[in-house]
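Architecture at a glance
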Amino acid sequence: LAVVLSSARLRLKTFYRTAFIAPFVTPLIAMAQVWIVLFDRDFGLVNGVIAWFGLAPVGWLTDPNWAKPTLALLVLWKTTGFVVIIFLAGLQNIPGDVYEAAEIDGAGPLQRFFLITSPLMRPTIAFFLVVQTMMVLMSLVLFMVICLPEVRILKGLLSFLKERSKELVAGCAA
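Residues numbered from 1 in each chain as written. Predicted model: local features only at pLDDT ≥ 70, side-chain atom pairs only at ≥ 80, totals over all residues. Heavy atoms only, no water.

1. Comments concerning the side chain of Lys78
Going by this rule: Secondary structure elements follow DSSP: runs of H or I of four or more residues count as helices, runs of E of two or more count as strands, with numbering from the N terminus. Accessible area is worked out with a 1.4 Å probe on protein chains only. A residue is then buried under 20% of its type maximum, exposed over 50%, and partly exposed in between. Asp and Glu are treated as the negative residues and Lys and Arg as the positive ones, with His and the ends of the chain left uncounted. By convention in these notes, a salt bridge is any Lys or Arg side-chain nitrogen within 4 Å of a carboxyl oxygen on Asp or Glu. Polar contact is defined as a pair of N or O atoms within 3.5 Å, subject to the rule that within protein one atom must be able to donate a hydrogen and the other to accept it, and that residues adjacent in sequence are counted only when both atoms are side-chain atoms. By definition in these notes, contact holds between two residues if any of their heavy atoms fall within 4.5 Å.
On the secondary structure map, Lys78 appears in helix α5 (residues 64-92). One buried charge, Lys78, has no salt-bridge partner; the nearest side chain with opposite charge is Asp40, at 21 Å. Within polar-contact distance, the side chain of Lys78 engages the backbone oxygen of Pro23 at 2.9 Å. If sequence neighbours within four positions are ignored, Lys78 has contacts with Pro23, Phe24, Thr26, Pro27, Leu28 and Met31.

Given below as structure tokens:
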């Protein structure tokens, strides 16, 4: 995807880049609320489309069989923009004359990708893996907001944790 977005022949390049980064810069709580609106069992937009085809509504966030894939899709949507931006930066950091020299030497597109792009992108890939691991660990908040109705409906996450902090500490000590 980053290779396509870095192509000189792509039209509306700025629009596509903005569209991919928008979910990443949107706060987690806002993303969780959008996901709830989309995938609510009774009033969700996705179930509305499914009902239009005459199918029964699905508990996307309440059914254990559907909750994990639905939340995985949310994480994918949320983090794709970050991936694209990081890899675009890595691709733009590769000097063009390296590709030009490889082309003069007779390297085809696949050879240039595997022998030039992949090795020169290793530092970018390593950086991405470290940062992405941290982001996945931070997404626990997102899952709590979506999956725990008492957090979502009655109070904010901080007040929920404050009220339950004694139970959490006691549970950890046991």
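2. Looking at the packing of aromatic side chains
Convention followed: Here a Phe, Tyr or Trp ring, Trp counted by its six-membered ring, pairs with any other such ring whose centre lies within 6.5 Å, and the pair is stacked when the planes are under 30 degrees apart, edge-to-face when over 60, and tilted otherwise.
As enumerated under the stated definition, the model contains nine aromatic pairs in all. Here Phe87 and Phe128 contribute two aromatic rings whose centre-to-centre distance is 5.5 Å and whose plane-to-plane angle is 65°, an arrangement assigned as edge-to-face. Of the two residues, Phe87 sits in helix α5 while Phe128 sits in helix α8 (residues 122-138), which places them 41 residues apart along the sequence. The exposure class of Phe87 is buried, given its relative accessible area of 19%. Note on Phe128: relative accessible area 13%, which makes it buried. In textbook terms, an aromatic cluster arises when at least three aromatic residues are bridged by ring pairs, as seen for Trp35, Phe39, Trp60, Trp66 and Trp77.

3. Re the nonpolar core
Note the threshold: We call a set of buried residues a nonpolar core when its members are Ala, Val, Leu, Ile, Met, Phe, Trp, Tyr or Cys and they connect through side-chain atoms within 4.5 Å of each other.
If you look at the biggest cluster of nonpolar residues, it comprises twelve residues: Phe82, Ile86, Phe87, Leu91, Ile94, Ala102, Ala107, Ile116, Met121, Phe128, Val131 and Met135. The greatest single-element share of this core, amounting to four residues, is contributed by α5. Apart from residues no more than four positions distant in its own chain, Ile94 is found in contact with Tyr99, Ile116, Thr117, Leu120 and Met121. Counting residues in hydrophobic clusters, the runner-up holds ten residues, among them Phe39, Trp60, Leu61 and Leu74.

4. Focus: the environment of Ala102
Its place among the elements puts Ala102 in helix α6 (residues 96-104). Along the backbone, Ala102 and Leu115 are 13 residues apart, and their C-alpha atoms lie at a distance of 9.3 Å. Ignoring sequence-local partners within four residues, the contact set of Ala102 consists of Ala107, Arg112 and Ile116.

5. Digging into the packing of helix α3 (residues 28-39) against helix α4 (residues 45-52)
The line we're drawing: To get an axis, a line is fitted to the C-alpha atoms, and for a helix only the part in contact is used. The angle between two axes follows their N-to-C directions and goes from 0 to 180 degrees. The labels follow the angle: roughly parallel below 35 degrees, roughly antiparallel above 145, roughly perpendicular from 65 to 115, and oblique for the rest.
At a closest axis distance of 4 Å, the pairing of α3 and α4 adopts a crossing angle of 20°. Of the possible angle classes, the one that applies to α3 and α4 is roughly parallel. On α4, the residues that touch Val37, Leu38 and Phe39 of α3 are Leu45, Val46 and Asn47.

6. Description of the packing of helix α2 (residues 13-25) against α5
Which entries qualify depends on this criterion: In this scheme, a crossing is called left-handed if the near helix is turned counterclockwise away from the far one by less than a right angle; it is called right-handed if the turn is clockwise.
Here α2 crosses α5 at 130°, and the two axes come no closer than 6 Å. If you check the angle between α2 and α5, you find them oblique. At the point where α2 passes α5, the crossing takes the left-handed sense. Across the interface between the two elements, Arg17, Phe20, Ile21, Pro23 and Phe24 of α2 pack against Trp77, Lys78, Thr80, Gly81, Phe82, Val84, Ile85, Leu88 and Gln92 of α5.

7. Some points on the environment of Gly44
Turning to its location among the elements, Gly44 is positioned in the loop between α3 and α4. In this structure, Gly44 is in contact with Val37, Leu38 and Phe39, ignoring residues within four places of it in sequence.

8. Thoughts on the side chain of Thr124
Mapped onto the fold, Thr124 is located in helix α8. Aside from chain neighbours lying at most four places away, what touches Thr124 is Ile86, Phe87 and Gly90.

9. Describing the confidence of the model for the protein
What counts, and what does not: What pLDDT expresses is the predictor's confidence in each residue, scored from 0 to 100.
Confidence along the protein averages 79 in pLDDT terms, with 75% of residues attaining 70 or more. Taking the mean pLDDT of every element in the protein, the minimum, 49, falls on helix α10 (residues 149-154) and the maximum, 92, on α4.

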